[in-house]
Amino acid sequence: MELRQLEHFVAVAEEQHFTRAAERLAVSQSGLSASVRALEQELRAPLFSRTTRSVRLTEAGQALLVEAERTLAGARAARDAVDAVRGLLRGTLTLGVEQCVAGVSPARLLGAFRREHPHMEIRLRQEGTSSLLEGVAGGRLDLAFAATVSPPEWRGDLVPLAREPMVVLCAPGHPLAATGTRPVAWSALDGESFIDFHPDWGPRRAADEAFAAAGVRRTVALEVSDVHSLLELVHQGLGIAVVPHHFSRKPEARGLVTVEVDGAEPAEYRSVVVLPPAGTMSPGARALMALVREAPVR
């Protein structure tokens, strides 16, 4: 079994398509297929269930994917460690991030990182918090910027970035807009129609925790995957949204009404850097964390 074969297998697993995986790896599709077949023959098990339209992992493939990602991450870390001793920073930095995460600007951060380390390849994955945790744990990601992570979920290091209250956004014609600057109770939101993200995204996790703590049930009628769609739907009066306070300062939120929520326990959105267990951080991740601590990219 060769690292090249594992790289080919992981690419097909992630793309769920041989042609796209071949294009991503810059290899011929026939060569990629032969590499995967050789791996299946060596392991004496089919790794993919193939149809004319899709490629899916078999049970054996799912088991191999976890170990393959860990093995490839270890190989990258070994190469990077040797380069670091030689005074070079090469290899690949794979970063995961939630959209609109508070406390850091990924664009400015990666721009500064590229200027300081031009020989490093940067890969960025935007995913929900649960997927980010799995990515760092499995070695698929060097580190991640996530939101609303509770300590029991993660055994590695969590570096705090920012914390802020959750607020309600509503259209000017909504009854909640008439409350002015007075906070409302969580119970006042009972029965409202809500617009929110997929349950894996940090703002949704924070809102769900807040409603559960207050003992108030709610129904998310409109579920979106980006903040701009969420704000546009609120503008149209199709529902209200409970979001981190910094969403209310976005240009797209201009004209919406921000209402604070009063409760026994403050509802907070927290953003953190998710790091692998101590001693396993790659040189690229350490270099990025040095920049995270600098004010210009925060």
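Remember, it's a predicted structure, so these values are computed and weren't measured experimentally.

Student: For this particular structure, what's the right way to read the packing of aromatic side chains?
Tutor: For the coordinates displayed, the defined rule picks out five aromatic pairs. Consider the rings of Phe 9 and Phe 48, whose centres lie 5.4 Å apart with planes at 45°: the pair is tilted. Note that Phe 9 is positioned in helix H1 (residues 3-15) and Phe 48 in strand E1 (residues 48-50), a separation of 39 residues in sequence. Here Phe 9 falls in the buried class, since its relative accessible area comes to 0%. Taking the relative accessible area as the measure of exposure, Phe 48 reaches 4% and is therefore buried. Consider the rings of Phe 197 and Phe 247, whose centres lie 6.1 Å apart with planes at 90°: the pair is edge-to-face. With Phe 197 in strand E8 (residues 193-197) and Phe 247 in the loop between strand E10 (241-244) and strand E11 (257-262), the pair connects residues that are 50 residues apart, well separated along the chain.

Student: Any chance you could explain the pattern of salt bridges here in plain terms?
Tutor: Note on pairing: side chains with opposite charge can pair once their charged atoms come close. In total, this model carries 13 salt bridges according to the counting rule given. Here Arg 218 makes a salt bridge to Asp 208, at a shortest N to O gap of 2.9 Å. Here the residue Arg 218 occupies a position in the loop between helix H7 (202-214) and strand E9 (219-224), and Asp 208 occupies one in helix H7, the gap between them amounting to ten residues. Given a relative accessible area of 18%, Arg 218 falls into the buried group.

Student: When you look at empty space enclosed by the protein in this model, what are you seeing that I'm missing?
Tutor: The rolling of a water-molecule-sized probe over the atoms marks out the regions of remaining empty space. Under the defined criterion, the tally for this structure stands at one cavity of 30 Å³ or more. As a volume, the largest cavity reaches approximately 40 Å³. Forming the boundary of the largest cavity are Glu 98, Gln 99, Cys 100, Phe 197, Trp 201, Pro 203, Val 227 and Phe 247. Counted by class, the lining of the largest cavity contains six nonpolar, one polar and one charged residues.

Student: Is there a simple way to explain the nonpolar core in this structure?
Tutor: The tendency in soluble globular proteins is for nonpolar side chains to be buried as a group. If you look at the biggest cluster of nonpolar residues, it comprises 44 residues, and the most contacted ones within it are Leu 143, Phe 145, Val 168, Trp 186, Leu 189, Val 242 and Leu 288. Counting residues per element, the ones that place at least two in this core are strand E3 (91-97), helix H5 (106-116), strand E5 (143-147), strand E6 (157-170), H7, E11, strand E12 (268-275) and helix H9 (283-292). Here the element with the most residues in this core is H9; it accounts for six residues. In this structure, Leu 6, Phe 9, Val 36 and Leu 65 belong to the second largest nonpolar core, which totals 19 residues.

Student: Help me understand the pairing of E12 in this model?
Tutor: Among the eight residues that make up E12, six are buried, leaving the element largely enclosed by the rest of the structure. As defined by bridge partners, E5 adjoins E12 across four bridges and the pair is classed as antiparallel. Bridge assignment links Ala 147 to a residue of E12, and that residue is Ser 271. In terms of strand pairing, E6 meets E12 through eight bridges, oriented antiparallel. Each bridged residue has a counterpart across the sheet, and for Glu 164 the counterpart in E12 is Tyr 269.

Student: Please clarify how the layout of surface pockets should be interpreted in this entry.
Tutor: By volume, the largest pocket is sized at about 560 Å³. Residue lining of the largest pocket: 21 residues in total, with Glu 7, Arg 24, Leu 72, Arg 76 and Arg 123 positioned closest to the centre. Secondary structure elements with two or more residues in the lining of the largest pocket: H1, helix H2 (18-25), helix H4 (59-85), E3 and strand E4 (120-126). Each residue belonging to the lining of the largest pocket can be placed in one class, and the counts come to six nonpolar, four polar and eleven charged. Lining the second largest pocket are 18 residues, and of these Ala 73, Val 136, Gly 139, Pro 276 and Thr 280 lie nearest its centre. When residues of the lining of the second largest pocket are traced back to their parent elements, those giving at least two are H4 and helix H6 (129-137). Among the elements that take part in the lining of the second largest pocket, H4 stands out by supplying six residues, more than any other. In the lining of the second largest pocket, the residues fall into eight nonpolar, six polar and four charged.

Student: Is there a simple way to explain unusual backbone geometry in this structure?
Tutor: Most peptide bonds take the trans configuration, and most residues that are not glycine carry a negative phi. One non-glycine residue with positive phi stands out, namely Gln 16, at about 55°. Within the secondary structure, Gln 16 sits in the loop between H1 and H2. Of note, Arg 44 is a non-glycine position whose phi angle comes to about 60°, a positive value. Topologically, Arg 44 is positioned in the loop between helix H3 (29-43) and E1. Judged by its relative accessible area of 79%, Arg 44 falls in the exposed class.

Student: Help me understand H2 in this model?
Tutor: Helical geometry: 3.6 residues make up each α-helical turn, so side chains three or four residues apart lie on a common side. All of the buried residues along H2 are Phe 18, Ala 21 and Ala 22. Down the axis of H2, the sector holding all buried residues measures 100°, keeping them to one side. Contacts from the buried residues of H2 go to H1, H3, E1 and strand E2 (55-57). One or two steps after H2, the chain reaches Ala 26, where phi turns positive at roughly 60°.

Analysis parameters
- Residues numbered from 1 in each chain as written.
- Predicted model: local features only at pLDDT ≥ 70, side-chain atom pairs only at ≥ 80, totals over all residues.
- Heavy atoms only, no water.
- Phe/Tyr/Trp six-rings, centres within 6.5 Å; stacked < 30°, edge-to-face > 60°.
- Helix = DSSP H or I, 4+ residues; strand = E, 2+ residues; numbered from the N terminus.
- Buried < 20%, exposed > 50% of the residue type's maximum accessible area, 1.4 Å probe, protein only.
- Salt bridge = Lys/Arg side-chain N within 4 Å of Asp/Glu carboxyl O.
- 1 Å grid on protein atoms, 1.4 Å probe; cavity = no way out; pocket = protein on both sides within 12 Å on 5 of 7 lines; lining within 4 Å.
- Points joined across faces, edges and corners; volume = space filled by probe spheres on them.
- Nonpolar A, V, L, I, M, F, W, Y, C, P; charged D, E, K, R; others polar.
- Core = buried A, V, L, I, M, F, W, Y, C linked by side-chain atoms within 4.5 Å.
- Pairing = 2+ DSSP bridges.
- Arc of directions from axis to C-beta.
- Contact = heavy atoms within 4.5 Å.

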